[in-house]
Amino acid sequence: MSRVAIIGAGITGITTAYTLAKLGYSVTVLDKNRDPAMETSFANGGQLSASNAEVWNSTATIMKGLRWIGKRNAPLLLNPAFSWHKYSWLAAFVRNIPNHKANTIETTRLAIEARRHLYAMAEQENIDFDLERRGILHIYYDKDSFDKAVKTNALLQAGGLERYAVTRDEARSIEPTLTGDFFAGLYTPSDATGDIHKFTNGLASACRRLGVRFVMDTSVTRIASDRQQHQIFHQRCNNGESGYLEAEAIVVCAGTGSRTIARMLGDTMNVYPVKGYSISVHLDDAASLAATPRVSLLDEDAKIVTSFLGDRFRVAGTAEFNGFNKDIRADRVQPLIDWTRRLFPEISTRRVVPWCGLRPMMPDMMPRVCRGRKPGVFYNTGHGHLGWTLSAVTAQMLGQLVEASTQNPTLQPAY
């Protein structure tokens, strides 16, 4: 398998392309967008957060979702309109509640390991992506929510994470710009933040220097496979021109599009799109810059995260189960603006850029790094809200999987 085609040029596809190119494979990346990182890897919350590794499969999540039904500005919003995929996915989500503990511990372990690989890539390729290694501070407004978080923290610590409780005064000493009457916090000094779009494009440039070929602005229409190779038929999005390329291996890193590509390959990949929103507050004056927190925050009550990205303050949150709808709704963006004004009143919100993206989520909230049923087919997808956090380590896992299959082509599929 000397020639590998990667479908998807988001953070997962680009880290995979880089890893495989470094291993000596001839790599081609296909994506329907003109440039890398133009969808979910464009403007996420920015957190490289092992401290946010808890999977969502829990009774508490279900109860919160039920309480929020009908509230258009709720952190978790479900469009009740019937969709077989949505409701079957939700049923599978509920069935995975017993795996909450094991999956949270494993996700934490992966997130910690991912940092090492991501920092190594950035250092080796000299990528500037507004990295801030100041930790992440979770804040809680009452004793009950804090006590529940402390119980969850035991799972993160079991996964190897250094994360400890801080008083309100200690939290304000960690981040002096904090205002508001909160109860206490949990601080993870080893977490970080950065601009996913800048990093992915910087790594894509490194891939080009390594000889990776990019076929952009192109949609995959059909895949024909035999035991020796795959023919990937595609169509240019701008002019409808058709063509195909051949490869001995395919790696599907297509985010929410992975389910469709998997069907072309005879596989089932139960990825569901969960919409998230962000705003980028441009820090155009000295007062706003001075009032902006440098330490990344997670407001547990509002389910809002923040990142300082040089000349911008990124505020992100919400989860919306509404299929492939990518409308940017004012009533979903406004709570992010209101939160910023309430907690950081000195930050000007005169120039705010809203965005939404679709997180590719599996029902058990775990990424899929595996072989498909057909020889030479691989998947690295389904990272959900932790694609930025986990992609560097799942790329390494995928590289090991491809190498093992290259050395032993008779391996049985691990799908």
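Residues numbered from 1 in each chain as written. Predicted model: local features only at pLDDT ≥ 70, side-chain atom pairs only at ≥ 80, totals over all residues. Heavy atoms only, no water.

Describe unusual backbone geometry, listing the residues and the values that go with them.
Phi angles above zero are rare outside glycine, and D217 is one such case at about 60°. For D217, the position within the fold is in the loop between β9 (213-215) and β10 (218-225). Positive phi values are uncommon outside glycine, yet K303 reaches one of about 60°. Within the secondary structure layout, K303 lies in the loop between β15 (296-299) and β16 (304-308). Judged by its relative accessible area of 27%, K303 is partly exposed. (Helix = DSSP H or I, 4+ residues; strand = E, 2+ residues; numbered from the N terminus. Buried < 20%, exposed > 50% of the residue type's maximum accessible area, 1.4 Å probe, protein only.)

I'd like a description of the sheet that holds strand β13 (residues 249-252), backed by residues and values.
The mixed open sheet is built from 6 strands, whose spatial order is β9-β2-β1-β13-β20-β19. On the outer flanks of this sheet lie β9 and β19 (368-371), each paired with one strand and no other. Along the sheet, successive strands turn relative to each other by an average axial angle of 15°, direction set aside. As judged from the 4 bridges shared by β19 and strand β20 (residues 377-381), these two strands associate in the antiparallel manner. Bridging from a neighbouring strand, R368 pairs with T381 of β20. Packing against the sheet, helix α11 (residues 387-407) makes contact with β13, β19 and β20, and its axis sits at approximately 170° to β20. (Pairing = 2+ DSSP bridges. Axes fitted to C-alpha atoms, helices over the stretch in contact; angles between N-to-C directions. Contact = heavy atoms within 4.5 Å.)

Lay out the packing of helix α1 (residues 11-22) against α11 with the relevant residues and their values.
Between α1 and α11, the shortest axis-to-axis distance is 8 Å and the interhelical angle comes to 40°. With respect to α11, the element α1 is oriented oblique. Two packed elements cross with a definite hand, and for α1 against α11 that hand is right-handed. The segment α1 lies against α11, with I11, T12, T15, T16, T19 and L20 engaging G387, W388, S391, A395, Q396, L398, G399 and V402. Class assignment for the residues of the contact of α1 with α11 results in 6 nonpolar, 8 polar and no charged. (Parallel < 35°, antiparallel > 145°, perpendicular 65-115°, else oblique. Left-handed = near helix turned anticlockwise from the far one by under 90°. Nonpolar A, V, L, I, M, F, W, Y, C, P; charged D, E, K, R; others polar.)

Could you give an account of the pattern of salt bridges, with specific residues and numbers?
Inspection of every chain in the model, using the stated rule, returns 23 salt bridges. Linking R115 and D191 is a salt bridge whose minimum nitrogen-to-oxygen distance equals 2.6 Å. Residue R115 is found in helix α4 (residues 100-125), and its partner D191 is found in the loop between β7 (184-188) and β8 (192-193); the two are separated by 76 residues along the sequence. A residue is classified by how much of its surface remains accessible, and D191, at 0% relative accessible area, is buried. Salt bridges here are not isolated pairs; linked through shared partners, they connect D130, D195, K198, D311 and R312. (Salt bridge = Lys/Arg side-chain N within 4 Å of Asp/Glu carboxyl O.)

Describe in detail the sheet that holds strand β11 (residues 230-236), supporting the description with residues and values.
Read from one edge of the open sheet, 3 strands run β10-β11-β12, paired in antiparallel fashion. In the strand order of this sheet, the two ends are held by β10 and β12 (242-247), each with one partner. Neighbouring strand axes in the sheet, compared pairwise and without regard to direction, differ in orientation by 25° on average. Bridge analysis of β11 against β12 gives 6 bridges, and the strand direction is antiparallel. Bridging from a neighbouring strand, Q235 pairs with S242 of β12.

Provide a residue-level description of the packing of aromatic side chains, including the pertinent values.
Tallying each qualifying case throughout the model produces 14 aromatic pairs. Centre to centre, the rings of W89 and F321 are 5.6 Å apart; their planes meet at 50°, and the pair counts as tilted. Of the two residues, W89 is situated in helix α3 (residues 84-95) and F321 in strand β17 (residues 312-321); the sequence distance between them amounts to 232 residues. For the pair W89 and F321, one class covers both residues: buried. Ring-pair connections join several aromatic residues into one group, and the members of that group are W89, F93, Y272 and F321. For the cation-ring pair, R208 lies above F214, with the distance from its terminal atom to the ring centre recorded as 4.3 Å. The positively charged end of R222 is found above the aromatic ring belonging to F233, 4.1 Å away from the centroid. (Phe/Tyr/Trp six-rings, centres within 6.5 Å; stacked < 30°, edge-to-face > 60°. Lys NZ or Arg CZ within 6 Å of the ring centre and 35° of its normal.)

Pulling in residues and values, what's your account of the environment of Y18?
Structurally, Y18 can be placed in helix α1. A sequence separation of 374 residues divides Y18 from A392, and the C-alpha atoms of the two residues are 9.9 Å apart. Here Y18 is in contact with M121, Q124, E125, L203, A206, C207 and L210, once residues within four sequence places are set aside.

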